[in-house]
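# Summary of structural features
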Amino acid sequence: MTARVIDGKATAAALRERIAGEVVRFRDAHGRAPGLAVVLVGDDPASTVYVRSKGKATLEAGMESFEHKLPADTGEKELLELVDRLNDDPAVDGILIQLPLPRHIDADKVLTRIDPDKDVDGFHPLNAGRLAVGLDGFVACTPLGCLKLLRAERGDLSGLNAVVIGRSNIVGKPMAQLLLAESCTVTIAHSRTHDLPAVVRGADIVVAAVGRPEMVKGDWLKPDATVIDVGINRIEAEEDGKGRLVGDVDFASASVVAGAISPVPGGVGPMTIACLIRNTLVSAARRHGFSLPEDL
Ligand SMILES: Nc1nc(=O)c2c([nH]1)NC[C@@H]1CN(c3ccc(C(=O)N[C@@H](CCC(=O)O)C(=O)O)cc3)C=[N+]21
């Protein structure tokens, strides 16, 4: 048996298309486009690529993109002042500070300075708390994208056993909260979990977000499980001299057992960007009392 491959690229493209349509309506009603500010400190090559694709997606959705590229030696105080200006700028609906930040900057301090109602990354503690208690706020883009893929694949998730591997603040914890809100029975597994393969074998839904290349094997899976692979691991060059991208799931063995699986690349990554655009539109809409479709 071979798993269905969950096409994150196509799902993301369809979502971005819908968003672009809503942006046109928003513009007509309010005379401006939603705006996203992206702040990059330093010149990490991977971060530079991500920031470029976020800017491109923002413009393609008909939104305004404000890119702030600062040198690696930018002081914390200077960065906090930029955040303050963006918080006060009425043209800016969403603020994203690209992570990781250089070590001399306290990332928690900077993220907490962002106006929670412009925090389209969902990283502010107030938004984490809102998610935990079921209030409207912003949900981090990667777990939100995973949930959209799961809903598209499985429909109603209630009563399903979900195992989230990884307990980070940006993926594992919010993912678990979202699945709990969908009435899944949720287990969060992590590096100290005893007999992880046995835990994963009980799961109808597996979300792997540990950052260990190809860790989850096919014989860990319940037949027909839905597997969402959040990992993006760059593997060193092999015979052909080219590096390649792999997930946290061993795709070859997993796709023989799973019912459906998201690939890397082309799975969760494109959904993350689509959800960032989505959150920016939602932010602008909330600010103006503009109504959007429930399921966007
Ligand atoms: N404040 C902040 N918010 C973020 O959301 C954030 C961040 N910092 N720092 C870095 C991570 C990483 N991230 C990705 C987004 C899209 C792809 C993506 O589209 N990946 C493509 C392939 C990309 C490639 O080929 O390298 C795919 O999976 O198909 C990947 C990774 C957002 N992040």
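Residues numbered from 1 in each chain as written. Predicted model: local features only at pLDDT ≥ 70, side-chain atom pairs only at ≥ 80, totals over all residues. Heavy atoms only, no water.

- By the naming in an unreviewed UniProt entry, the chain is Bifunctional protein FolD, taken from Sphingomonas xanthus.
- Under the UniProt heading Sequence similarities (unreviewed entry), the note attached to the chain is "Belongs to the tetrahydrofolate dehydrogenase/cyclohydrolase family."
- Turning to the chain, the UniProt record has this under Pathway (unreviewed entry): "One-carbon metabolism; tetrahydrofolate interconversion." (UniProt positions renumbered as here; feature names shortened; annotations may be inferred.)

## Re the nonpolar core
- One finds Ile19, Leu179 and Ile228 to be the most contacted residues of the largest nonpolar core, which totals 49 residues.
- Contributions of two or more residues to this core are made by α1 (8–30), β2 (35–41), α2 (45–60), α6 (141–154), β5 (161–165), α7 (172–181), β7 (205–208) and α10 (268–288).
- Of all the elements, α10 adds the most residues to this core, at nine residues.
- Inspection of this core shows a minimum of three residues originating in each of domain 1 (30–116) and domain 2 (141–270).
- Leu196, Ala203, Val216 and Ala258 belong to the second largest nonpolar core, which has 18 residues in total. (Core = buried A, V, L, I, M, F, W, Y, C linked by side-chain atoms within 4.5 Å. Buried < 20%, exposed > 50% of the residue type's maximum accessible area, 1.4 Å probe, protein only. Helix = DSSP H or I, 4+ residues; strand = E, 2+ residues; numbered from the N terminus. Domains from an automatic or database assignment.)

## Examining helix α5 (residues 125–133)
- Of the residues making up α5, those classed as buried are Asn127, Arg130 and Leu131. Each buried residue of α5 sits inside an arc of 100° when the element is viewed along its axis, so together they form one side.
- Considering only its buried residues, α5 is in contact with α7.
- Of the residues trailing α5, Gly134 is marked for its positive phi of about 85°. (Arc of directions from axis to C-beta. Contact = heavy atoms within 4.5 Å.)

## A look at the packing of aromatic side chains
- Under the defined criterion, the tally for this structure stands at one aromatic pair.
- With a centroid separation of 5.3 Å and 80° between ring planes, the pair formed by Phe26 and Phe290 is classed as edge-to-face. With Phe26 in helix α1 and Phe290 in the segment after α10, the pair connects residues that are 264 residues apart, well separated along the chain.
- On the basis of relative accessible area, Phe290 is assigned to the buried category, the value being 13%.
- Directly above the aromatic system of Phe138 lies the positively charged group of Arg286, at a separation of 4.9 Å from the ring centroid. (Phe/Tyr/Trp six-rings, centres within 6.5 Å; stacked < 30°, edge-to-face > 60°. Lys NZ or Arg CZ within 6 Å of the ring centre and 35° of its normal.)

## Some words on a nonpolar patch on the surface
- The grouping of Val49, Tyr50 and Ile232 at the surface amounts to a nonpolar patch, some 250 Å² of accessible area in total.
- Topologically, Ile232 is positioned in the loop between β8 (226–229) and β9 (233–235).
- You can call Ile232 partly exposed: its relative accessible area is 44%. (Patch = residues over 30% accessible without salt bridge, like charges linked within 9 Å, V, L, I, M, F, W, Y side chains within 5 Å. Areas by Shrake-Rupley, 256 points an atom, 1.4 Å probe, with all protein chains shown as cover. Salt bridge = Lys/Arg side-chain N within 4 Å of Asp/Glu carboxyl O.)

## Quick notes on the site of the ligand
- Taken together, 17 residues sit near the ligand, with Ile97, Gln98, Leu99, Asp121 and Gly266 positioned nearest.
- Within the side chain of Arg234, a nitrogen or oxygen atom sits 3.1 Å from an oxygen atom of the ligand.
- Between the ligand and Gly269 there is a distance of 3.4 Å, counted from an oxygen atom to a backbone nitrogen or oxygen.
- When isolated, the ligand has an accessible area of 680 Å², and the protein chains bury 76% of it.
- When atoms are counted within 2 Å of each cavity's grid points, the one that captures over half of the ligand is the largest pocket.
- Taken together, the elements giving at least two residues each to the shell around the ligand come down to α2, β4 (94–97) and α10.
- Tallying contributions element by element places α10 first for the shell around the ligand, with four residues.
- By residue class, the composition of the shell around the ligand is 10 nonpolar, four polar and three charged. (Near = heavy atom within 4 Å. Polar contact = N/O pair within 3.5 Å; in protein donor to acceptor, adjacent residues only side chain to side chain. 1 Å grid on protein atoms, 1.4 Å probe; cavity = no way out; pocket = protein on both sides within 12 Å on 5 of 7 lines; lining within 4 Å. Sits in = over half its atoms within 2 Å of the grid points. Nonpolar A, V, L, I, M, F, W, Y, C, P; charged D, E, K, R; others polar.)

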